Amino acid sequence: MDLHILEHRVRVLSLARRGLWLYTHPLLKLLFLPQRCRCKFFSLTETPEDYTIMLDEEGFKELPPSEFMQVADSTWLVLSVVSNGRAASGSQATGVTKIARSVIAPLAEHHVSVLMLSTYQTDFILVSAGDDGDGVPGGSGGGGWGPRCPWGWQCQPDPAPGQVRERDLPVVIHTLAGEFDIYKEESGECVPVTCDDVSNGFLKPKPAASPTLHPVQSPQTRFCVLTVAPDTLPAIATMLIDVLFYSHSPPREPGATSQDLDSITFFAFSLIEGYISIVMDAETQKRFPSDLLLTSSTGELWRMVRIGGQPLGFDECGIVAQIAEPLAAADISAYYISTFNFDHALVPEEGIAEVIQLLQQRQDSGR
């Protein structure tokens, strides 16, 4: 298998629900008119607490700074596993299971924190490209360090444009070179990368301490993972606008959700390199024309496992591995979507009881 380091440099930010009105115009542009802003990587996820947006630098330019926006302190590199010349994709979500042992777990062992974004087509692994300025963490808009960062809220100066210290890239390449042929996309071309290319300054990391095992919750909501052909997106545009901008539940403070949720607000839309992926609950799906939303031939439904009792830290390692490793060992498919405050795994509905049991056993053994 090949590991591709994509050209995208991605920003991760939280948009307060009460400030959504300020961003309606640029979000509509990113959702439906990406060619007007040259954005090739865009993901918007609604949770009870906020909206998490992951987007490349071209898309980030579209968002005005405000008190409602909090930006993570790093720019993120995007990795994708490619098998037989094609990104891992298909009608069933097996990406996280396939790559758990060979990518996520080794990176966690070497102190590399990751974010995950599973889509209908493939899985993307985001690793920190370092800070945005001269060694000073920071972000644009309302401040650099959000609640997911363990040091709390803190404002930092805006970074000098174009400066990226690719902090974790040497570790990623040295850790995974034995398992993958690694390529880096440059100007649309895939260029082979070897350990020798990134040896300067590389220090072999010490073994990581045992990661914190975060509590998990499993709401009763059933979800669908869907796609839509780009040329039919206009046909569902008004319904998407209604769901994203006008069908709000009351916002919740991060960490304020109960341990046993009956239901959860969650909607994810991504438009990456022209491919659309949507995650919505089964009740919301009924509002859309059934002939335009495409899913797997089995039409299976998914249940959520939500990770974190309190907001997680961006620099914390092993959060994705906490879920991915035991599911991989049990050969259970999963989608995995990281957000600004919490992480979310979607597993087949018929397997949720086994998943909860596996994770509970892991929790008990870690005490």
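Since the structure is predicted, the reported quantities are computational estimates derived from the model, not experimental observations.

**Student:** Got a minute to help me understand unusual backbone geometry in this structure?
**Tutor:** Across the chain, the bulk of peptide bonds are trans and the bulk of non-glycine residues have phi less than zero. Even without being glycine, Arg38 reaches a positive phi, approximately 60°. Within the chain, Glu273 stands out as a residue other than glycine whose phi angle is a positive 50°. By the secondary structure assignment, Glu273 is in the loop between strand S13 (267–272) and strand S14 (275–281).

**Student:** Looking at this structure, I do not really get the pairing of strand S12 (residues 222–226). What am I missing?
**Tutor:** Every other side chain in a regular strand lies on the same face of the sheet, so the side chains alternate between the two faces. Within S12, four of the five residues are buried, which leaves it mostly tucked inside the rest of the structure. In this sheet, strand S15 (residues 302–307) lies alongside S12 in antiparallel orientation, the contact comprising two bridges. Bridge pairing in S15 places Phe223 opposite Trp302. With four bridges joining them, S12 and S14 adopt antiparallel strand pairing. Residue pairing for S14: Leu226 is matched across the bridge by Ile278.

**Student:** In this structure, what is going on with the pattern of salt bridges? I would like to understand it.
**Tutor:** Side chains that differ in sign of charge can pair as their charged atoms come close. Under the defined criterion, the tally for this structure stands at eight salt bridges. Taking the shortest distance from any N to any O, the salt bridge between Arg38 and Glu58 comes out at 3.6 Å. With Arg38 in the loop between helix H1 (20–32) and strand S2 (41–46) and Glu58 in helix H2 (residues 57–60), this residue pair connects regions lying 20 residues apart in the sequence. Residue Arg38 is classed as exposed on the basis of its relative accessible area, which comes to 60%.

**Student:** Help me understand the environment of Ile173 in this model?
**Tutor:** Mapping Ile173 onto the fold places it in helix H4 (residues 169–176). What makes Ile173 buried here is its relative accessible area of 1%. For the pair Ile173 and Cys195, spaced 22 residues apart in the sequence, the C-alpha separation amounts to 6.3 Å.

**Student:** I'm lost on the nonpolar core in this one. Help?
**Tutor:** Grouped together as the largest cluster of nonpolar side chains are 40 residues, with contacts concentrated most on Leu27, Phe42, Ile53 and Phe269. Looking at this core element by element, the count peaks at five residues for H1. In contact with Leu27, other than residues within four places in its own chain, are Leu15, Leu20, Phe42, Ile53 and Phe245. Ranked by size, the runner-up nonpolar core spans 39 residues in total, among them Leu3, Ile125, Leu169 and Ala321.

**Student:** What should I look at first to understand the packing of aromatic side chains in this one?
**Tutor:** The relation between two aromatic rings is expressed through the spacing of the ring centres and the mutual angle of the planes. Taken as a whole and assessed by the stated rule, the structure comprises four aromatic pairs. Between Phe41 and Phe124, the aromatic rings sit 5.6 Å apart at their centres with planes inclined by 70°, giving edge-to-face as the arrangement. Of this pair, Phe41 sits in strand S2 while Phe124 sits in strand S8 (residues 123–128); the two residues are 83 residues apart in sequence, bridging distant segments of the chain. Each member of the pair, Phe41 together with Phe124, is buried. Between Phe223 and Phe266 the ring centres are 5.9 Å apart and the planes differ by 80°, which places this aromatic pair in the edge-to-face class.

**Student:** What's the story with the packing of helix H7 (residues 319–329) against helix H8 (residues 352–365) in this structure? I'm lost.
**Tutor:** How two helices pack is summed up by the angle between their axes together with the distance between the axes. In the contact formed by H7 and H8, the axes pass within 10 Å of each other and the chain directions differ by 120°. When the axis of H7 is compared with that of H8, the two are oblique. Between H7 and H8 the crossing geometry is right-handed. Taking contact as the criterion, the partners of Ala321, Gln322, Ile323, Glu325, Pro326 and Leu327 in H7 are, on H8, Val355, Leu358, Leu359, Arg362 and Gln363. Residues of the contact of H7 with H8, tallied by class, amount to seven nonpolar, two polar and two charged.

About the cut-offs
- Residues numbered from 1 in each chain as written.
- Predicted model: local features only at pLDDT ≥ 70, side-chain atom pairs only at ≥ 80, totals over all residues.
- Heavy atoms only, no water.
- Helix = DSSP H or I, 4+ residues; strand = E, 2+ residues; numbered from the N terminus.
- Buried < 20%, exposed > 50% of the residue type's maximum accessible area, 1.4 Å probe, protein only.
- Pairing = 2+ DSSP bridges.
- Salt bridge = Lys/Arg side-chain N within 4 Å of Asp/Glu carboxyl O.
- Core = buried A, V, L, I, M, F, W, Y, C linked by side-chain atoms within 4.5 Å.
- Contact = heavy atoms within 4.5 Å.
- Phe/Tyr/Trp six-rings, centres within 6.5 Å; stacked < 30°, edge-to-face > 60°.
- Axes fitted to C-alpha atoms, helices over the stretch in contact; angles between N-to-C directions.
- Parallel < 35°, antiparallel > 145°, perpendicular 65-115°, else oblique.
- Left-handed = near helix turned anticlockwise from the far one by under 90°.
- Nonpolar A, V, L, I, M, F, W, Y, C, P; charged D, E, K, R; others polar.

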